[in-house]
There are 2 protein chains.
Amino acid sequence: MTFQEKLDLAVGKNNSLLCVGLDSDIEKLPAKFKSDKYPQFTFNKWIVDQTADLVCAFKPNTAFYEARGIRGIEELKLTCDYIRTTYTNVPIILDAKRGDIGNTNRGYVKFVFEYLQADAITVHPYLGQEAVQPFLDQKAKGIIILCRTSNPGAKEFQDLPVTGEPLYKLVAKNVINNWNKNGNCMLVVGATYPEELAEIRKIAGDITFLVPGIGAQGGDLEKTVQAGLNSMKKGMIINAGRSIIFADNPKMEAEKLRDEINRYR
Amino acid sequence: MTFQEKLDLAVGKNNSLLCVGLDSDIEKLPAKFKSDKYPQFTFNKWIVDQTADLVCAFKPNTAFYEARGIRGIEELKLTCDYIRTTYTNVPIILDAKRGDIGNTNRGYVKFVFEYLQADAITVHPYLGQEAVQPFLDQKAKGIIILCRTSNPGAKEFQDLPVTGEPLYKLVAKNVINNWNKNGNCMLVVGATYPEELAEIRKIAGDITFLVPGIGAQGGDLEKTVQAGLNSMKKGMIINAGRSIIFADNPKMEAEKLRDEINRYR
C-alpha cells in the first residue's frame, strides 16, 4: 500500500484532514511526563491514543528529538514503532526537511524509511530533482517537497520573481511536471498564506498538500480550507502541533479542529 | 574562540585549506573495521589520527550516521568528542544541511552545538533569514549557507534568473549584506562550477567558502583554487571525502592534496 492509499483510507475512516504534529519539545512537556524514563515517547503515546481515530496522519518533527541526541532518537523510534504497530491505518510523516546531494541522501532514506519505517518525509527543493531522486525512487513513500513555507520570512526567496512568476510556483510546476513520475510527490504549502495556497492549487491539480501553520502559527482555517481543497474535497493534510498536543484536553482540541475543518469542506 | 578564529589557526599551523569529509558509509568501510564494536568511530579515529596535522577542519556528514539510527548517532558523537578533545585546534563542521522554521531550528541548534559540540553547521537558505536566525544567533559558531551546490542538478533552481541574476548570487548577496551581522556566515560553493565560484567571490569579499566536489565528484582543483581564494590567499575550506578516506593510504592522499592546493595558492 502506498502512502497516498494509506492516507486516503485514514481520511475516509476518520473523516479527517487533520494531522497532529508530534513536536514534543522536552521542555514543554507536562510535568508528569518529565520524570518518565521515556518522557517524549510516553507523552506521544498518550497523545496518539487519544487522537488516532480523529486524524489522517501523525507528523513527528525530527528537530525536537535530535535536540536530545541518541535519547531523543530512541524515543522517536519508539513513537514510530508504536504508531505503526498499534494504529496500522494511520500513516507517519517524518518532518525532517532533509536535502543533500544524491549519494548522501541515500543515508537519509535509510534513516527515515528503513530505521524509522515512516511513510513519508519532507524535503528541500534547493538542490534540484537530481539530488532528490533517491527519495523519489521510494515509490510507496510520500515525498513532500517544501514549496511555500508557513514562516514569516518565507518570502525572502520563495516569492522572488523567476521568469515572471514567484519561485514557489516554479517549484510547484517542476514537481508536478517532472519530479512526480512515481505519483508519490506532495507539496508543503503554509496555511499562513491562503492566497498563495489558492495559486498553487490551480497549478497542482489534485495533488496532496501538507499544510502547516494552523494553530500556534496563526493561519486562518476557513480561508485555508477553501483555498486548498482539491476537486475531491480533500487533498490537504492540515497539521496542528503545539495547539493540540499542549492543550489542556488534546482529544477535545483535536476533535474540535477536525470538525471545524469538515464544516468548511 | 570563534569558528573563524579556530579555522584560521588550523589553516596557519597545518598550512592547509584541506578539509577531510568523514563520509564514513558503513557499507564502504574496509573489512577490518566492520567487525569492530564501533566501526564508524574506529574508522574515523584511524583517519583523524593520520590527517589531523594536514587539515584545516574535519567534516562529518550526518546522513551516513543517521542511516544506522541511534548506533550511528552514537558513533558520530564519539567521533566529535574524540576530535574535540584530542585535536583541540582542528574545528568540526557538521554537514547536516538543516533548515526548518525558527522555533524548530532551536532543536537542531541543540543537537549540533550542545550535544555534538561541533563548531559549524551547513544550512538551507530556502526559508529565509528569519527562519535561520536561531543558527545565526550562535555568534561563535560557523553558519555555512548552501549557495551553489556541487551536484549536477544544482542548476534547476539555483541558476534561475531572479531580477536579472541567478538565484545563487542573490542568496550570496542576502547572506553577505543582511544575514552576516555576527560575522559568522560562510557559503557552500561547489568546486564543480569554477565560473560560478569566481562570480560569488566577486560578491562575497573575503568571506570563507566551504567547497565540496573535489575528488570523487570530479571538480578541477587548479581552476577551483584560483577562482575561490580571497585577498589573503585563503578563505576556502576545500573538502574531499571519499577520495581520501577510502584511499589505500589516506595520509598520503591527504598530504598530496594539501600540497597540490598550496601549489595553486
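Everything here concerns the structure above.
From a predicted model like this one, the values you see are computed outputs, not experimental measurements.

Enquirer: Tell me what's going on with the overall build of chain A, and back it up with residues and numbers.
Expert: Helices and strands together make up the secondary structure of chain A, namely 13 helices and 10 strands. Against the compact-globule benchmark of 18 Å for 265 residues, chain A has a radius of gyration of 17 Å, which places it among compact chains. With the C-alpha coordinates aligned to their principal axes, the bounding extent of chain A is approximately 55 × 45 × 35 Å. In chain A, which comprises 265 residues, the share counted as buried stands at 57%.

Enquirer: Please provide a residue-by-residue account of the interface of chain B and chain A, values included.
Expert: Taken together, the contacts link 45 residues of chain B with 46 residues of chain A. Per-element tally for the side of chain B that touches chain A: the top contributor is helix α6 (residues 102-115) of chain B, with 8 residues. A class-by-class count of the residues in the side of chain B that touches chain A yields 20 nonpolar, 17 polar and 8 charged.

Enquirer: Tell me about unusual backbone geometry, and please be specific about residues and values.
Expert: Residues and elements named next belong to chain B. With a phi angle near 45 degrees, K97 is a residue other than glycine that sits in the positive phi range. Counting through the fold element by element, K97 comes out in strand β3 (residues 93-98). Although it is not a glycine, K233 sits at a positive phi angle of roughly 60 degrees. Within the secondary structure, K233 is located in the loop between α11 (221-228) and β10 (236-240).

Enquirer: Run through the sheet that holds strand β10 (residues 236-240) of chain A, naming residues and quoting values.
Expert: Two modes of strand pairing occur in sheets, parallel and antiparallel, and in both the strands are linked by backbone hydrogen bonds. Residue and element names in this part refer to chain A. On the basis of which strands lie adjacent, the open sheet formed by 8 strands has the order β2-β1-β10-β9-β8-β5-β4-β3 and parallel pairing. Since the sheet does not close on itself, it has two edges, and those belong to β2 (57-60) and β3 (93-98), each with one partner. When strand polarity is set aside, the average angle formed by the axes of neighbouring strands in this sheet is 30 degrees. Of the strand pairs in this sheet, strand β5 (residues 142-148) and strand β8 (residues 185-189) are connected by 5 bridges, and their pairing is parallel. Looking across to β8, one finds that L146 is bridged to V188.

Enquirer: Describe in detail the pairing of strand β2 (residues 57-60) of chain B, supporting the description with residues and values.
Expert: The side chains of a regular strand alternate between the sheet's two faces. All names here are of chain B. Burial along β2 is two-sided: the residues A57 and K59 and F58 and P60 are all buried. Of the pairings in the sheet, the one linking strand β1 (residues 18-22) to β2 comprises 4 bridges and is parallel in character. By the bridge assignment, L22 is partnered in β2 with P60.

Enquirer: How would you summarise the relation of the copies chain B and chain A if you had to cite specific residues and measurements?
Expert: By a simple turn and slide, chain B fits onto chain A: the slide is 0.0 Å along the axis, the RMSD is 0.0 Å, and the turn is 180 degrees. These values place the two chain copies in the arrangement generated by a two-fold rotation axis. The overlap is high: 100% of the interface residues of chain B also sit at the interface in chain A, so the same surface is used on both sides.

Enquirer: Explain the sheet that holds strand β9 (residues 209-211) of chain B residue by residue, including any values.
Expert: Residue and element names in this part refer to chain B. Strand order in the open sheet formed by 8 strands is β2-β1-β10-β9-β8-β5-β4-β3, with parallel pairing between adjacent strands. In the strand order of this sheet, the two ends are held by β2 and β3, each with one partner. Between one strand axis and the next, the sheet turns by 30 degrees as a mean value, whatever way the strands run. On top of the sheet, helix α10 (residues 194-204) reaches β5 (142-148) and β8 (185-189); it is set at about 165 degrees to β8, its chief contact.

Enquirer: Report on the environment of A:D220, specifying residues and quantitative values.
Expert: Secondary-structure assignment places A:D220 in the loop between β9 (209-211) and α11 (221-228). A tally of 14 C-beta atoms within 10 Å means that A:D220 is categorised as partly exposed.

Enquirer: So what's going on with the environment of B:E130? Residues and values would help.
Expert: Relative to the helices and strands, B:E130 resides in helix α7 (residues 129-136). If we ignore the near neighbours within four places in the chain, the residues touching B:E130 are A:N151, A:P152, A:G153 and B:G102.

Enquirer: So what about the packing of α10(B) against α11(B)? Which residues, and what values?
Expert: Residues and elements named next belong to chain B. Relative to each other, α10 and α11 sit at 10 degrees, their axes nearing to 8 Å. The orientation of α10 relative to α11 falls into the category roughly parallel. Each of P194, L197, A198 and R201 in α10 lies in contact with α11, whose residues at this interface are K223, T224, A227 and G228. Its residues assigned to classes, the contact of α10 with α11 comprises 4 nonpolar, 2 polar and 2 charged.

Enquirer: Could you give an account of the environment of A:L29, naming the residues involved and the relevant values?
Expert: All names here are of chain A. Tracing the backbone shows L29 in the loop between β1 (18-22) and α2 (31-34). When the C-alpha atoms of L29 and L210 are compared, they prove to be 25 Å apart, with 181 residues separating the residues in sequence. Not counting chain neighbours up to four residues away, the residues in contact with L29 comprise S24, K34, P39 and F43.

Enquirer: How would you explain helix α13 (residues 250-264) of chain B if you had to name every residue and give the values?
Expert: Residues and elements named next belong to chain B. For α13, built from 15 residues, the straight-helix expectation of 21 Å at 1.5 Å per residue is met to within 8% by its first-to-last C-alpha distance of 21 Å. Buried within α13 we find E253, A254, L257, R258 and I261. On an axial view of α13, the arc spanned by its buried residues comes to 130 degrees, and they lie on one face. Exposed and facing more than 90 degrees away from the buried side of α13 are M252 and R263. Summarising the contacts, the buried residues of α13 are in contact with β1, α3 (39-51), α11, β10 and α12 (242-245).

Analysis parameters
Residues numbered from 1 in each chain as written. Chains lettered and ligands numbered in written order. Predicted model: local features only at pLDDT ≥ 70, side-chain atom pairs only at ≥ 80, totals over all residues. Helix = DSSP H or I, 4+ residues; strand = E, 2+ residues; numbered from the N terminus. Rg over C-alpha atoms; globule rule 2.2 N^0.38 Å. Buried ≥ 20, exposed ≤ 12 C-beta atoms within 10 Å, placed from the backbone. Contact = placed C-beta atoms within 7 Å. Nonpolar A, V, L, I, M, F, W, Y, C, P; charged D, E, K, R; others polar. Pairing = 2+ DSSP bridges. Axes fitted to C-alpha atoms, helices over the stretch in contact; angles between N-to-C directions. Least-squares fit on C-alpha atoms with pLDDT ≥ 70 in both. Parallel < 35°, antiparallel > 145°, perpendicular 65-115°, else oblique. Expected span 1.5 Å × (residues − 1). Arc of directions from axis to C-beta.

Coordinates in, geometry out; function isn't part of it.
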